[in-house]
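Residues per chain are reported as follows:
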Amino acid sequence: MTTGDLPVVGAFVDGLRITTRDTLVSLDPSTGLPCARVSRCGPAEVDHAVTAARTAYEGVWRRTTAAERASACRAVAAILHAHRRELAELECLDTGKPIGQAYTDADVAARYFAYYAGTVEALFGQTLLNHPDLLAYTLPEPHGVCGHIIPWNYPMQITARTLAPALAAGNTCVLKPAEDACLTPVRIVELAHEAGLPPGVLNVVPGTGAQAGAALAAHPDIDHLAFTGSRATGQAVMIAAARTIVPVTLELGGKSPHLVFPDYDPASAVPLIVASITEHAGQNCSAGSRVLVHRDVHAQLSAAVARAFTALRIGPGTTDPDLGPLISARQRATVLGHIDAGRTCARLVTGGRVPDAPQLRGGFFVEPTLFDDVPPDAAIARREIFGPVLCMTAFDSAAEAVALANATTYGLSAGVWTRDVGLAHALARELRVSQVFVNNYSAAGGVELPFGGYRQSGFGREKGFAALLEYTRVKAVAIRVDGDLFLPGGSSG
Ligand code: NAD
């Protein structure tokens, strides 16, 4: 098949599918072969999408009731659920992730719409005790037109995570998916309109970051920007938003730690520690990429993780392996560069290579890799690798564990493994992260749990009720209550 024969995935703007003359070619990371051509939108298509979103906002969406938006979100959840197989297969093809994970992602995407359908009806303002002669209250209002720029690792989940609360809160949206993984974001927006959303309420403009992304971030008619991606691009988006004075949420990278204490059986922690760095081949902002372990159980845990890594099945996403490929040859080169740097300063326990099985040739695979005795100041202990690479370091006290956990510039999630409830609560207070998981990791997807950055992992919160508040702003109204009505001679009687 030549790239000319590939299916073309267009943009979806104002309720219509549009294609551009220029296209990008999407590769299947499991084989390295082209799997689709995608429209390459630029400033003109972005402007068209923002205009459509503005028209839909002013004309229709801002006048809808919470109950109407809840009902629309429920319809989107239902259609996504009905198309879960199609969506999972597209995501598996486009990102290489194991098909079982892709089904989970389709279900979580539907769940976001169902969750915000429920929560938006519980969104209310406050009555303020300001002055006896005034009735003062707050109104949570939508921002208006929201721009959403997302990465390639969890396109389905992140599309739903960012669009569902914005939509439920009464905003209209323009989504720019990542160039390496546009297929499911475009399909989700199409399906949302099939489910009955008015034209222009959700729009999607695939394209490069330099063209479509930069045009969306700089557009003068955007009222709010939600960016998920790398720190460097987040800075560029924030600079663009500074020029137009637009509020931004930034969901950036991470270097999340597990803290394993000796009162917890290390063997019981191993499955989730391994899953947290091998899910989607470690290409997860909240991957548990560091293990900080008490010296008393260090050797035991290191050996158990190494055993689990060597038992993992590596394969194309369609075979539902334990570990699929990385997204691209470029991402694999980056990960291998980190591994080479790690070899010079830490002990490579297992992995570190490109697997040589014939059936994996062509795909962008890397073995699950464990480094032990990693010095806390090593680059692999501090920088986000975004691959299946786990760095282990021993500690002697809880205070040292906290200092190590907080020693990177990132702060997203942390796993704490202990039977000591008091210690768990104390650690939850000390760790500079937005999510602390005690004796579990990632809370089964955690649609309901607010999530976001500390420090250079960004700011603002997604997921949970907190995200609904991110997509609103507060207006205060004060009304004079006419006391004359109740005075003798007043007009009450
Ligand atoms: P990236 O920053 O390269 O790209 C993210 C998005 O930004 C893409 O859609 C891209 O096209 C767009 N973009 C690129 N340049 C742009 C510009 N100048 N202006 C506007 N948009 C531009 O990130 P990536 O490589 O796609 O994703 C990996 C990163 O995302 C990792 O650092 C990961 O930790 C982070 N991430 C964070 C979260 C979170 O919730 N905190 C979730 C997933 C991924």
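Owing to the predicted nature of the structure, the values given are computational and were not obtained by experimental measurement.

K.L.:
Explain the overall build of the protein to me, please; I cannot follow it from the model alone.
P.N.:
When helices and strands are tallied, the protein shows 15 helices and 23 strands. Relative to a compact globule of 493 residues, whose C-alpha radius of gyration would be 23 Å, the protein shows 24 Å and is just as compact. If you line up the protein on its principal axes, its C-alpha atoms span 90 × 60 × 40 Å. Every one of the 493 residues in the protein was classed for burial, and the buried ones make up 56%. The contacts in the protein between residues at least 6 apart in sequence include a share of 73% that link residues at least 24 apart. Only carbon and sulfur atoms are counted for the fraction: they give 55% of the accessible area of the protein, which is about 19700 Å².

K.L.:
Is there a simple way to explain the site of the ligand in this structure?
P.N.:
Residues in close proximity to the ligand total 28 residues, the closest being Arg161, Lys176, Glu179, Ser230 and Glu384. Ile150 has a polar backbone atom sitting 2.7 Å from an oxygen atom of the ligand. In the environment of the ligand, a nitrogen atom lies 3.5 Å from a nitrogen or oxygen atom belonging to the side chain of Glu251. Out of a free accessible area of 850 Å², the ligand has 86% covered by protein chains. At the level of secondary structure, the elements contributing two or more residues to the shell around the ligand comprise α5 (155–168), α7 (209–218), β11 (224–228) and α8 (231–244). Ranked by residues supplied to the shell around the ligand, first place goes to α7 with three residues. In the shell around the ligand, the residues fall into 15 nonpolar, eight polar and five charged. Shared between two domains, the shell around the ligand takes at least three residues from each, and those domains are domain 1 (3–252 + 453–476) and domain 2 (256–438).

K.L.:
Which parts of the structure should I look at to understand the packing of aromatic side chains?
P.N.:
Overall, the coordinates contain five aromatic pairs when judged by the stated rule. Centroid distance Tyr264 to Trp417: 5.4 Å. Interplanar angle 65°. Geometry classified as edge-to-face. Linking Tyr264 in the loop between β13 (256–260) and α9 (266–278) with Trp417 in strand β18 (residues 413–417), this pair joins segments that are 153 residues apart in sequence. Looking at Tyr264, the relative accessible area reads 7%, which means it is buried. For Trp417, a relative accessible area of 1% gives the class buried. Plain terms: the ring middles of Phe437 and Tyr441 are 5.3 Å apart, the flat faces sit at 65° to each other, and that makes the pair edge-to-face. Residue classification places Phe437 among the buried residues on the basis of a relative accessible area of 4%. By relative accessible area, which is 8% here, Tyr441 ends up buried.

K.L.:
How do you make sense of the packing of helix α2 (residues 66–82) against helix α6 (residues 183–194) when you look at a structure like this?
P.N.:
Packed helices, taken two at a time, are described by the angle between their axes plus the distance between the axes. Where α2 contacts α6, the axes come no closer than 9 Å and their chain directions differ by 120°. It follows from the interaxial angle that α2 and α6 lie oblique. In this structure, α2 meets α6 at a crossing whose hand is right-handed. Along the contact surface, α2 presents Val76, Ile79 and Leu80, while α6 presents Ile188, Leu191, Ala192 and Glu194. When its residues are assigned to classes, the contact of α2 with α6 shows six nonpolar, no polar and one charged.

K.L.:
Sorry if this is basic, but what is going on with the domain arrangement of the protein here?
P.N.:
In many reports, interface size means the accessible area that the parts give up when they come together. What the domain assignment lists for the protein is domain 1 (3–252 + 453–476) and domain 2 (256–438). A C-alpha centroid distance of 30 Å is found between domain 1 and domain 2. Every contact between the two is made by 25 residues of domain 1 and, on the other side, 29 residues of domain 2. Together, the buried faces of domain 1 and domain 2 total about 2400 Å²; carbon and sulfur atoms form 59% of this surface. The interface formed by domain 1 and domain 2 holds zero salt bridges in total. Linking domain 1 to domain 2 there are 14 residue pairs in polar contact (both at pLDDT 80 or more).

K.L.:
Any chance you could explain the environment of Thr3 here in plain terms?
P.N.:
Its location among the elements puts Thr3 in the segment before β1 (8–9). In this structure the C-alpha to C-alpha distance between Thr3 and Tyr264, which are 261 residues apart in sequence, comes to 53 Å. When sequence neighbours within four positions are dropped, the list of residues in contact with Thr3 reads Val25, Pro34 and Arg37.

K.L.:
Teacher, can you tell me more about the state of the cysteines here?
P.N.:
A covalent bond between the sulfur atoms of two cysteines is what we call a disulfide. According to the stated counting rule, one finds zero disulfides in the structure shown. This cysteine, Cys146, is not joined by any disulfide, and Cys173 carries the nearest cysteine sulfur, 5.4 Å off. You can call Cys146 buried: its relative accessible area is 0%. Free of any disulfide, Cys182 has its nearest neighbouring cysteine sulfur in Cys41, separated by 9.0 Å. What makes Cys182 buried here is its relative accessible area of 1%.

Conventions and cut-offs
- Residues numbered from 1 in each chain as written.
- Predicted model: local features only at pLDDT ≥ 70, side-chain atom pairs only at ≥ 80, totals over all residues.
- Heavy atoms only, no water.
- Helix = DSSP H or I, 4+ residues; strand = E, 2+ residues; numbered from the N terminus.
- Rg over C-alpha atoms; globule rule 2.2 N^0.38 Å.
- Buried < 20%, exposed > 50% of the residue type's maximum accessible area, 1.4 Å probe, protein only.
- Contact = heavy atoms within 4.5 Å.
- Areas by Shrake-Rupley, 256 points an atom, 1.4 Å probe, with all protein chains shown as cover.
- Near = heavy atom within 4 Å.
- Polar contact = N/O pair within 3.5 Å; in protein donor to acceptor, adjacent residues only side chain to side chain.
- Nonpolar A, V, L, I, M, F, W, Y, C, P; charged D, E, K, R; others polar.
- Domains from an automatic or database assignment.
- Phe/Tyr/Trp six-rings, centres within 6.5 Å; stacked < 30°, edge-to-face > 60°.
- Axes fitted to C-alpha atoms, helices over the stretch in contact; angles between N-to-C directions.
- Parallel < 35°, antiparallel > 145°, perpendicular 65-115°, else oblique.
- Left-handed = near helix turned anticlockwise from the far one by under 90°.
- Buried area = accessible area lost by both parts, 1.4 Å probe.
- Salt bridge = Lys/Arg side-chain N within 4 Å of Asp/Glu carboxyl O.
- Disulfide = S-S within 2.5 Å.

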